[in-house]
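# Descriptive structure summary
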Number of protein chains: 2
Amino acid sequence: MSKRNKALVVFSGGQDSTTCLFWAKQKFAEVEALSFDYGQKHRLELELAAKIANDAQVPFQVLKLDLLGQITNNALTTPGMDVEAEKPDNSPPNTLVEGRNMLFLTYAAIYAKSKGIHHLVTGVGQADYSGYPDCRDEFIRSLNQTLNLSMDFAYEIHTPLMWRSKEEVWHLSDELGVFDLVRTKTLTCYNGIVGDGCGNCPACKLRRNGLESYLAKRP
Amino acid sequence: MSKRNKALVVFSGGQDSTTCLFWAKQKFAEVEALSFDYGQKHRLELELAAKIANDAQVPFQVLKLDLLGQITNNALTTPGMDVEAEKPDNSPPNTLVEGRNMLFLTYAAIYAKSKGIHHLVTGVGQADYSGYPDCRDEFIRSLNQTLNLSMDFAYEIHTPLMWRSKEEVWHLSDELGVFDLVRTKTLTCYNGIVGDGCGNCPACKLRRNGLESYLAKRP
C-alpha cells in the first residue's frame, strides 16, 4: 500500500475532529489520530478521544505539550479564568490559545514525517468564524507551504470542514453514518459536559443552533 | 519607548546567535534573549547562553521543550547516536532536528506577542548551506507570513546572517566589538567543546575555515 494513502488526523474528541476522523477513514486507506495534552482543564477530553479512536479502530497517540499553557494566558488552561459567555467586542474570545493550531499542526507534521505520512487532516473552519485567526483558510494555506519548506516534505493539509457551517457539519456526520456517535460521545462544551453539553457556553450555543437547523431539515 | 523598538533573539549561545544578540543590541532599544531546552546532549550550551546574556545585560529566559526530542531521531538529542563526520551523500546530516527552527520561532512568537514584542531575530543562514531546509530564506519568509496570519500580529523576523558566510559572520562580530567574546565564550562544536572546539566535527570545520579566512584579511 502506498504511503501516499495514509493520513494523520489532529484529533481532540470534539464534534469537528470526530467528524473529520470518519471523513478521513472514508477517504484514506490508513488513518491515525493524534491528540495533544496541553494542560486543558477538561481532562475528560483526552479520555473521550481515546475511546472514540478505539471504537473507530484507529491508532491513537497523545503528545504532551506542557509548554503552551505556560506561555499563554487563556480560559482553557489558566486556573480560575472563566470562559466569557459572550464576546464583549470584536476581540477574540478568552478561549483563544495563541498559536495553538500552528503548534499542533507543526508537531503533527514532524510526527507524520517520521512515519512517512504526507496527509494531515484538521477540523478547523471559518464558516462560523469565532474570532480565531488560526482557523482561517488563508492561515492553513500559508502553514502548508511553510511546513513543506521547513522539512522539505510534501505535506497536504486537508480541512474538510473549512466552509461548512455547524449545520453542514451535522449533515456530514449523518452522511458518514456517525450522527448518533458524534451527538452523544463527543465533547465540545467549554464546561466539560459531554454530548449536548451545558447549553450555555459559546461552543454549546454554536453546536446546538447547528443541530436544531439540521434536525429541522433532516429527512 | 515604543514597543516597536523591542526585539526577542532566539539564542543558543553559539557563534551565530551570539553575534545576532549583539547585532540586535545595536539596532533595537530593548532586547531579550530566549533559549530552548529541547533535551540537547550538551547541557553546557544553556549555561553558556545564560552567561553571555548576563554579560550582555539582556534578560534571558529558557523554555523547556521536551517533546521535540521524543518525536524526532537525531544525533543532537538521541543517546548513542554519533554525529556523522561527513555527509554520505546529499541527504541532510543526522544533526538535523526536524522542524526545530519552525518550533523555536513559533514558540518565540507566542512568547513575544504576550510581551508585545514584534521583532524576532534568528541566526539562521543559507550562505554556507549545510542541508538544513529550515535555515533557508524562503522558509523564513513563508514562516513570517504564517505567524502573522496565525496570531493576527505583525511580526518581523530578522535574519542578519542569512547571506553571510562564516567569514563574514566573524567580520560582523569584529565590527560589533565582540570578536574575542564570540571566539572564546560561544559553543558551536557538536562535541560540546567551547571556543575553538574539537576542530573535527562539521560545525567546527565550518567555523574554523571562516575564522582562518577572516584572520588572513583582518586589518
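Note that the structure is predicted; figures quoted are calculated from it, not measured.

Rules and cut-offs
Residues numbered from 1 in each chain as written. Chains lettered and ligands numbered in written order. Predicted model: local features only at pLDDT ≥ 70, side-chain atom pairs only at ≥ 80, totals over all residues. Heavy atoms only, no water. Helix = DSSP H or I, 4+ residues; strand = E, 2+ residues; numbered from the N terminus. Buried < 20%, exposed > 50% of the residue type's maximum accessible area, 1.4 Å probe, protein only. Contact = heavy atoms within 4.5 Å. Areas by Shrake-Rupley, 256 points an atom, 1.4 Å probe, with all protein chains shown as cover. Salt bridge = Lys/Arg side-chain N within 4 Å of Asp/Glu carboxyl O. Least-squares fit on C-alpha atoms with pLDDT ≥ 70 in both. Phe/Tyr/Trp six-rings, centres within 6.5 Å; stacked < 30°, edge-to-face > 60°. Lys NZ or Arg CZ within 6 Å of the ring centre and 35° of its normal. Buried area = accessible area lost by both parts, 1.4 Å probe. Polar contact = N/O pair within 3.5 Å; in protein donor to acceptor, adjacent residues only side chain to side chain. pLDDT = per-residue confidence, 0-100. Expected span 1.5 Å × (residues − 1). Pairing = 2+ DSSP bridges. Axes fitted to C-alpha atoms, helices over the stretch in contact; angles between N-to-C directions.

Our next topic: the overall build of chain A. Check the secondary structure of chain A and you find eight helices and five strands. Buried positions account for 57% of the 219 residues belonging to chain A. Long-range contacts, defined as pairs at least 24 residues apart, comprise 70% of the intrachain contacts of chain A with a sequence gap of at least 6. Only carbon and sulfur atoms are counted for the fraction: they give 47% of the accessible area of chain A, which is about 9,300 Å².

Residues and elements named next belong to chain A. With the rule as written, the count across this model stands at 29 salt bridges over all chains. Close ionic contact of K51 with D55 constitutes a salt bridge, the shortest N to O distance being 3.4 Å. Here K51 pairs with D55, and both are found in helix 2 (residues 44-55), just four residues apart, close to one helical turn. Measuring nitrogen to oxygen at the nearest pair gives 2.7 Å for the salt bridge that ties R218 to D174. A residue pair is termed long-range when its members are at least 10 positions apart, and R218 in the segment after helix 8 (202-217) and D174 in helix 6 (residues 166-175) qualify at 44 residues. Exposure remark for D174: the relative accessible area of 22% places this residue in the partly exposed category. Via salt bridges that share partners, K6, E30, E32 and K115 belong to a single interconnected network.

Each copy of the sequence occupies a distinct position, and chain A is placed on chain B by a rotation of 180° and an axial shift of 0.0 Å, giving an RMSD of 0.0 Å. Both copies are brought into coincidence by an operation consistent with a two-fold rotation axis.

In this section: the packing of aromatic side chains. For any pair of aromatic rings, geometry is given as the distance between the ring centres together with the angle between the planes. Inspection of the entire model under this criterion finds 16 aromatic pairs over all chains. Ring geometry for F36 of chain B against F104 of chain B: centres 4.3 Å apart, planes inclined by 10°, an arrangement best described as stacked. Remark: F104 of chain B occurs in helix 4 (residues 100-114) and F36 of chain B occurs in strand 2 (residues 30-37); sequence separation between them is 68 residues. Residue F36 of chain B shares its accessibility class with F104 of chain B, and that shared class is buried. Aromatic rings pair up to connect F36, Y38, F104 and Y107 of chain A into one cluster. The positively charged end of R218 of chain A is found above the aromatic ring belonging to F179 of chain A, 4.1 Å away from the centroid.

Once that is clear, we can look at the interface of chain A and chain B. Contacts between the two partners involve 31 residues from chain A and, on the opposite side, 31 residues from chain B. Summed over both sides, the interface between chain A and chain B buries roughly 2,800 Å², with carbon and sulfur atoms accounting for 68% of that surface. Linking chain A with chain B are two salt bridges. Taken together, the links from chain A to chain B amount to eight residue pairs in polar contact (both at pLDDT 80 or more). At the level of secondary structure, the elements contributing two or more residues to the side of chain A that touches chain B comprise strand 3 (60-64), helix 3 (66-71), helix 4 (100-114) and helix 5 (137-151) of chain A.

What follows covers the confidence of the model for chain A. Atom-level detail of predicted coordinates should not be read off regions where pLDDT is low. On average, residues of chain A carry a pLDDT of 87, and 84% of them reach 70 or more. Here the predicted complex carries an ipTM of 0.86, next to a pTM of 0.87.

With that out of the way, let us pick up helix 4 of chain B. Residue and element names in this part refer to chain B. The terminal C-alpha atoms of helix 4, which comprises 15 residues, lie 21 Å apart, in line with the 21 Å expected from a rise of 1.5 Å per residue. The buried fraction of helix 4 amounts to 13 of the 15 residues, a majority that puts the element mostly inside the structure. Just beyond helix 4, the residue with positive phi is G116, at close to 70°.

Residues and elements named next belong to chain A. Reading across the sheet, the five strands line up as 3-2-1-4-5 and stay open at both edges, with parallel pairing between neighbours. Strands with a single pairing partner mark the edges of an open sheet, and in this sheet they are strand 3 and strand 5 (156-158). Neighbour-to-neighbour, the strand axes of this sheet turn through a mean angle of 25°, independent of strand direction. As paired strands, strand 2 (residues 30-37) and strand 3 are joined by five bridges and run parallel to one another. Directly across from S35, in strand 3, lies its bridge partner V62.

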